[in-house]
Amino acid sequence: MAASIAELIADRIDAMPTGERRAAQALVANYPMIGLKTVADFSAQAGVSSPTILRFVARLGFQNYPEFQSALTDELAAQLQSPASRTTAPEPVGHRGATPVVEATLENIRETFRHVSRKQVDEMVALLAERRSKVFLVGGRFTDPIARYMAAHLTIIRPNVFHLAGQESNWRDRLIDMGRRDVMLIFDIRRYQDSLVRLAEKAHQRGAQIILFTDQWLSPIARFSRHVVAGRTAVPSAWDSSAALFVFAETLIGELTRALEQDSARRIREMEDLR
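Residues numbered from 1 in each chain as written. Predicted model: local features only at pLDDT ≥ 70, side-chain atom pairs only at ≥ 80, totals over all residues. Heavy atoms only, no water.

A.B. asks: Is there a simple way to explain the sheet that holds strand S5 (residues 227–231) in this structure?
C.D. replies: Note: strands within a sheet are paired through backbone hydrogen bonds, in either parallel or antiparallel orientation. Here we have 5 strands laid out as an open sheet, ordered S2-S1-S3-S4-S5, and parallel in their pairing. One side of each edge strand has no neighbouring strand; the edge strands of this open sheet are strand S2 (161–163) and S5. Here the average twist between neighbouring strands, direction ignored, is 15 degrees. In terms of strand pairing, strand S4 (residues 209–215) meets S5 through 5 bridges, oriented parallel. In the strand pairing of S5, Phe-213 is matched with Val-229. (Pairing = 2+ DSSP bridges. Helix = DSSP H or I, 4+ residues; strand = E, 2+ residues; numbered from the N terminus. Axes fitted to C-alpha atoms, helices over the stretch in contact; angles between N-to-C directions.)

A.B. asks: What's the story with the pairing of strand S3 (residues 183–187) in this structure? I'm lost.
C.D. replies: Along a regular strand, successive side chains alternate from one face of the sheet to the other. In terms of burial, S3 is largely enclosed, as 5 of its 5 residues are buried. Of the two faces of S3, the one holding Val-183, Leu-185 and Phe-187 and the one holding Met-184 and Ile-186 are both buried throughout. For strand S1 (residues 135–139) and S3, the ladder comprises 5 bridges, and the chain directions are parallel. Across the sheet, residue Val-138 finds its bridge partner in S3, namely Ile-186. Two elements, S3 and S4, share 5 bridges in a ladder whose sense is parallel. Across the sheet, the residue bridging to Leu-185 is Ile-211, located in S4. Crossover handedness for the path S3 to helix H10 (residues 194–205) to S4: right-handed. (Buried < 20%, exposed > 50% of the residue type's maximum accessible area, 1.4 Å probe, protein only. Right-handed = clockwise from strand over helix to strand, strands pointing away.)

That is the geometry; function is a separate question.
Below, the structure written as structure tokens:
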């Protein structure tokens, strides 16, 4: 699968001049709709000139603006697919006996990590390591098990970790406890969950820092997020795969454990003594 535009931006944003970076940030915050507008409309919304938009598009590897918009249109169509519209036909076995789904899953993991920089990982760990902050985790219909799994580990590593479970009204009740020092990790893949978008917007308004785990087509929650992990999820199946996001979550757990080595070791010892 070719790199998505969000992945191309993640790869190249650090090398972009200020104007192009503003165009990239505007696109991520309004993905993909702002890119489907005219160059003039895109430039006005991003607060840059039309030539800057065209240079930004060229930096991503497109020959012209219509080619860029065609790629965005294809991504939008993929984003809206339901499980019923995806392939379920059997395919030949891959090398070493691995099925196509296994091969695609392994490639998804590799590609996900290829598009996330070491700097971004370090910044996410620094947010999660802040001792005065509270950490909230929540996911969608199929991704909440990852949030729950990650919360179970973070609870051992550091205090004030909360998994938001149950009905949406219960999530909203926790907003009162969220402030500018706090972090919310949200897991949301296509077809994106409106209740999570509403929660993210409210948490953002209260100043919480949002880390979004999503797919290569970007949940609308990206517009409220401090960090976005765009994991690869597509496999030759009626269902998307969350394996890459799960592995990334485990990576953050390991990195945070090292960052809080003394505190986490003390907490683990105390927990063992209480058993």
